[in-house]
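One letter stands for each residue in the lines below.
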Amino acid sequence: FNDLKVEKNYSPDKTVKENKIVKDFDELFDKLNIKDGSSLSFHHHLRNGDYVLNMVMEEVHKRGIKDITLVASSIFPCNTPLIPMIEDGTITNIVASYMSGDVAKAISKGALKGKILMQSHGGRAKSIMDGDVKIDVAFIASPACDKRGNISAVDGTAFCGTLGYAVADSIMANKKVAITDTIMEL
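All figures in this text were calculated on a predicted structure; none of them were measured in a lab.

Novice: What is the right way to read the overall build of the protein from this model?
Specialist: When you go through the protein residue by residue, the secondary structure sums to six helices and eight strands. Shown N-terminal to C-terminal, the secondary structure of the protein runs as helices and strands in the order α-β-α-β-α-β-α-β-α-β-β-β-α-β. Put simply, the protein has 186 residues, and 42% of those count as buried. For the protein, contacts bridging at least 24 residues in sequence account for 70% of all contacts bridging at least 6.

Novice: What is the right way to read the side chain of Ser73 from this model?
Specialist: Here Ser73 lies in strand S2 (residues 68-75). In this structure Ser73 comes out as buried when scored by relative accessible area, which is 1%. Those residues in contact with Ser73 that sit more than four places away from it in its chain are Phe42, His43, His44, Ala96, Ser97, Tyr98, His121 and Arg124.

Novice: Just to check I follow, could you spell out unusual backbone geometry for this structure?
Specialist: What you tend to see is this: most non-glycine residues have negative phi, and most peptide bonds are trans. A positive phi is found at Asn33, a non-glycine position, where the angle reads about 55 degrees. One can find Asn33 in the loop between helix H1 (25-32) and strand S1 (39-42). Judged by its relative accessible area of 46%, Asn33 is partly exposed. Unusually for a residue other than glycine, Asp67 sits at a positive phi of about 60 degrees. The residue Asp67 is located in the loop between helix H2 (52-62) and S2 in this model.

Rules used in this analysis
- Residues numbered from 1 in each chain as written.
- Predicted model: local features only at pLDDT ≥ 70, side-chain atom pairs only at ≥ 80, totals over all residues.
- Heavy atoms only, no water.
- Helix = DSSP H or I, 4+ residues; strand = E, 2+ residues; numbered from the N terminus.
- Buried < 20%, exposed > 50% of the residue type's maximum accessible area, 1.4 Å probe, protein only.
- Contact = heavy atoms within 4.5 Å.

This is how it looks when you write it as structure tokens:
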């Protein structure tokens, strides 16, 4: 990093004034137009404290959307609310790198109607980048972001460091959603 140069007077392009903030899940889901058979991705940077997956899938379930392929980097014990959605066909396929807790137990007992693809973190990213796993909407839990959707993992109350798990999802998904509790300046 000896040759790394940082522009000290850099400031973001303030001529772009697009505000991408939505007020609630109803407005968001109306804009996303998620349909039966969609593929939704999530990452697990906040580990067992990340309830973004649960919140989004509860809205999917409430709207009666079925046959979802869940592309989650990992599924933890906090994701137990997914079990009824697996059992009723809201979620029919899963692509993940790791799974534990009651969701894993339910799947091992045959609750999942479709297929499960378990991959290493690198294998998951490669399959997304190669187009083998397609993502309609990527939901990215972000410790902070600005009104244009730029995310930061080193600001906010839930800072976690790099958001590397979500890079492939953010590049390849048809639509991207940052979910945060901290809005920052540009």
